[in-house]
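Observations on the three-dimensional arrangement
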Amino acid sequence: MCENINFIDLNEKEIELVLSWRNDERIKKWMHTREDISLASHLKFIESLKSDTSKDYFLVKKEDEYLGVIDLNRDFLGIYANPDKKRVGDVLLERIIAFAFRDKKLPLLKAEVYKENLSAIKLYKRFGFKVKDEDENILNMELENENR
Ligand SMILES: CC(C)(COP(=O)(O)OP(=O)(O)OC[C@H]1O[C@@H](n2cnc3c(N)ncnc32)[C@H](O)[C@@H]1OP(=O)(O)O)[C@@H](O)C(=O)NCCC(=O)NCCS
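Given the structure is predicted, the values throughout are model-derived calculations rather than measurements.

Okay, the site of the ligand next. Around the ligand sit 20 residues, and of these I79, A81, G89, N117 and K122 come closest. Within the side chain of N117, an N or O atom sits 2.7 Å from an oxygen atom of the ligand. Between the ligand and R126 there is a distance of 3.1 Å, counted from a nitrogen atom to a side-chain nitrogen or oxygen. Of all the secondary-structure elements, those providing two or more residues to the shell around the ligand are β4 (76-81), α4 (89-103), β5 (108-114) and α5 (118-126). Of all the elements, α5 adds the most residues to the shell around the ligand, at 6 residues. Here the shell around the ligand is composed, by residue class, of 10 nonpolar, 3 polar and 7 charged.

Once that is clear, we can look at the nonpolar core. Ranked by internal contacts, the top residues of the largest apolar core, which has 27 residues, are L77, I79, L93, L109, Y124 and F129. Ranked by residues supplied to this core, first place goes to α4 with 7 residues. Beyond its immediate chain neighbours, meaning those up to four positions away, F129 contacts L77, L93, I97, L109, A111, Y124, M141, E142 and L143.

This next bit is on a negative patch on the surface. A surface patch of like charges, here negative, comprises E112, D133, D135 and E136. Locating E136 in the fold gives a position in the loop between β6 (130-134) and β7 (138-144).

Another aspect to go through is the pattern of salt bridges. Overall, the coordinates contain 12 salt bridges when judged by the stated rule. A salt bridge links D24 to R26; the nearest nitrogen and oxygen atoms lie 2.9 Å apart. Between R126 and D90 there is a salt bridge whose closest N-O contact spans 2.6 Å. You can see R126 sitting in helix α5 and its partner D90 sitting in helix α4, a full 36 residues away along the chain. By relative accessible area, which is 31% here, D90 ends up partly exposed.

With that out of the way, let us pick up the side chain of N23. Relative to the helices and strands, N23 resides in the loop between α1 (12-22) and α2 (25-28). One polar contact links the side chain of N23 to the main-chain amide nitrogen of I37, over a distance of 2.8 Å. When near neighbours in sequence (up to four residues on either side) are disregarded, N23 contacts K28, E35, D36 and I37.

The rules we used
Residues numbered from 1 in each chain as written. Predicted model: local features only at pLDDT ≥ 70, side-chain atom pairs only at ≥ 80, totals over all residues. Heavy atoms only, no water. Near = heavy atom within 4 Å. Polar contact = N/O pair within 3.5 Å; in protein donor to acceptor, adjacent residues only side chain to side chain. Helix = DSSP H or I, 4+ residues; strand = E, 2+ residues; numbered from the N terminus. Nonpolar A, V, L, I, M, F, W, Y, C, P; charged D, E, K, R; others polar. Core = buried A, V, L, I, M, F, W, Y, C linked by side-chain atoms within 4.5 Å. Buried < 20%, exposed > 50% of the residue type's maximum accessible area, 1.4 Å probe, protein only. Contact = heavy atoms within 4.5 Å. Patch = residues over 30% accessible without salt bridge, like charges linked within 9 Å, V, L, I, M, F, W, Y side chains within 5 Å. Areas by Shrake-Rupley, 256 points an atom, 1.4 Å probe, with all protein chains shown as cover. Salt bridge = Lys/Arg side-chain N within 4 Å of Asp/Glu carboxyl O. Lys, Arg positive; Asp, Glu negative; His and termini not counted. Charge placed at Lys NZ, Arg CZ, Asp CG, Glu CD.

Written out as structure tokens, the structure reads:
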């Protein structure tokens, strides 16, 4: 059984696990914020989510394994896998798509991805995301609910 644990319900161990992934070189190199995040600012961010209705963050757990993190920030998705796991992208992306379209009823889901991030681009394309726009470094991709 797979579950989405909302960041505001994480226990202490889970908070530290998520922070260790977010500060892992293999994850942070693909994020807009590349500096290490301190525990204090991580906790402050989690606290801020309680009153911020535009952002939803989840830790995805399957049985006793933690697979990764998914989030929705307005209509932009975010995703990162547990750096010690391979090929969990499909499960994670499926769950954020379901959250966006089924729970939040969004008509459109967007992803912003560095052009060098081939694993992420391949993953989004497998699920039908289309490139809508690009600049020197970034692809803007979109998935329409009705065209899936
Ligand atoms: C983006 C991310 C979630 C993708 O996860 P993933 O699809 O499971 O892919 P992995 O990185 O584990 O890829 C392993 C390889 O297996 C391939 N693969 C994964 N699932 C597959 C499937 N179901 N069928 C065929 N190939 C698959 C991938 O394309 C990848 O191939 P490559 O090595 O030729 O690039 C993961 O790489 C990640 O967390 N990256 C860091 C954070 C990040 O970049 N987030 C996205 C920001 S926009």
